[in-house]
Amino acid sequence: MKISIVGTFPPFRGGISDLNSGLVQNLSNRHSIQALNFTTQYPKLFFPGTSQLKIGTPAVQLQSERILSSVNPFSWRKTARRVIEFNPDLLIFRYWMPFFAPAFTTAVKRIKKNMNVKVLAICDNIVPHEKRLFDEFLTRRFFDYVDCFIVMSKSVEHDLIEMNPNAEYRYAPHPIYDIFSDRISKQEARKKLKLDTKRVILNFGVIRKYKGLDILLNAVPRLKSELEEFTVLIAGECYEELDSYRQLIKTLDISDVIDFRAVFIPDNEVHLYFSAADVVVLPYRSATQSGVVPIAFNFDRPVIVTDVGGLPEIVPDGEVGFTVSCDPESVAEAVLKFYKEDLEEAFSENVSTHKRLISWDNFVEKIEEMTSV
């Protein structure tokens, strides 16, 4: 089967780009793939980070054509022409934000006018984390041209059905990120990261308000009162006001146990952070799913998450970590229980079994199923 995929790929950074890399890798084992990438993803004016591009060499080297600009209508038509020339049996759009809907809608409308192709949208979100005027209108307009969907969490499934009760779709959990280097020993990883501590609690990923870093920081004073020799390692570029977090750390008097690395982590260093950690803590205020959890599971790391969105679906409470209420006290209780009951080994063994349920084979099979719907 010939498959065209329109989305973001390296050299763009981020979980969506990384998942698309894995998608191409796994689909190309059985299908002929055309990967159509962005030239411009976000205009600089609208992008809160330092750069949209990866630092260093991407974990996956793949061929993609940088052709689509989110803000250039001429590129939307050009993208449509490329798809028509390739003549795919299946056209996949990776949909995560209504900002891209005008580009996607214009391209797919032109494609459908000129050829008969099944259109599949892999939806990270239906309703974005930070809502804006016209989001629903733009999403509905794009979905008018979509034949079927893949949703990666039950919360997104709910949003899709609310918007389109008759939608043809499959639920397929976010697959494992297996594109990064292999896990190494804790001792070696901590040495390379210059960590000299008995316990390491990792918070990883882009820092945004909805991801709840402040909730974790407010849990740390309780940890300090009951736990010895630990470091909370925070790794990821900050899309918020960085000084507000630094001031909170100072106010809470926890700077001695915080290692704050507010930078983008290159692909070739990701394995160091997860290899060094005992547990990954993600106290999100809202979520559909999390790309960080599949990274943690790839390295057999237990995870503590909050009970929002699709997170409880992929982190069974008490088996591979904990799912807790979205407040500092609950987060602190879970971390303390993890260490006091010495649960790392048991949880890690459970992760190694549980992650088979969110395999790439399962994800690819769900996509293939949709071609016959």
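Residues numbered from 1 in each chain as written. Predicted model: local features only at pLDDT ≥ 70, side-chain atom pairs only at ≥ 80, totals over all residues. Heavy atoms only, no water.

## A few points about the packing of helix H7 (residues 213–226) against helix H12 (residues 328–340)
Line of reasoning, step 1. In the contact formed by H7 and H12, the axes pass within 8 Å of each other and the chain directions differ by 45°. Between H7 and H12, the interaxial angle falls into the category oblique. Here H7 and H12 pass one another in a crossing that is right-handed. Contacts between H7 and H12 pair Ile215, Leu216, Asn218, Ala219, Arg222, Leu223 and Glu226 from the former with Pro328, Glu329, Val331, Ala332, Glu333, Val335, Leu336 and Lys340 from the latter. (Axes fitted to C-alpha atoms, helices over the stretch in contact; angles between N-to-C directions. Helix = DSSP H or I, 4+ residues; strand = E, 2+ residues; numbered from the N terminus. Parallel < 35°, antiparallel > 145°, perpendicular 65-115°, else oblique. Left-handed = near helix turned anticlockwise from the far one by under 90°. Contact = heavy atoms within 4.5 Å.)

## With respect to the sheet that holds strand E3 (residues 65–69)
Line of reasoning, step 1. Reading across the sheet, the seven strands line up as E3-E2-E1-E4-E5-E6-E7 and stay open at both edges, with parallel pairing between neighbours. The outermost strands of the open sheet, each flanked by one partner alone, are E3 and strand E7 (169–171). When the angles between neighbouring strand axes are averaged without regard to direction, this sheet yields 25°.
Line of reasoning, step 2. By the bridge criterion, five bridges tie strand E1 (residues 2–6) to strand E2 (residues 32–40) in an arrangement that is parallel. By the bridge assignment, Ile3 is partnered in E2 with Ile33.
Line of reasoning, step 3. Sitting on the sheet, helix H3 (residues 101–114) is in contact with E1, E2, E3, strand E4 (90–95) and strand E5 (118–123), with an inclination near 170° to E4. (Pairing = 2+ DSSP bridges.)

## Regarding the sheet that holds strand E8 (residues 199–204)
Line of reasoning, step 1. Pairing within the open sheet is parallel, and its six strands lie in the order E10-E9-E8-E11-E12-E13. If you trace the sheet from one side to the other, it starts and ends with strand E10 (258–261) and strand E13 (321–324), each paired once. Geometrically, the sheet is characterised by an average inter-axis angle of 20° between neighbouring strands, direction not taken into account.
Line of reasoning, step 2. Alignment of strand E12 (residues 303–306) against E13, held across four bridges, turns out to be parallel. Within E13, the residue paired with Val305 across the bridge is Thr323.
Line of reasoning, step 3. Across the sheet, H12 is in contact with E8, strand E11 (279–282), E12 and E13; its angle to E13 comes to roughly 160°.

## Description of the side chain of Asn298
Line of reasoning, step 1. By the secondary structure assignment, Asn298 is in helix H10 (residues 292–298).
Line of reasoning, step 2. Side-chain polar atoms of Asn298 contact the backbone oxygen of Tyr177, separated by 3.2 Å.
Line of reasoning, step 3. Not counting residues within four places of it along the chain, the set of residues in contact with Asn298 comprises Ile176, Tyr177, Asp178 and Lys355. (Polar contact = N/O pair within 3.5 Å; in protein donor to acceptor, adjacent residues only side chain to side chain.)

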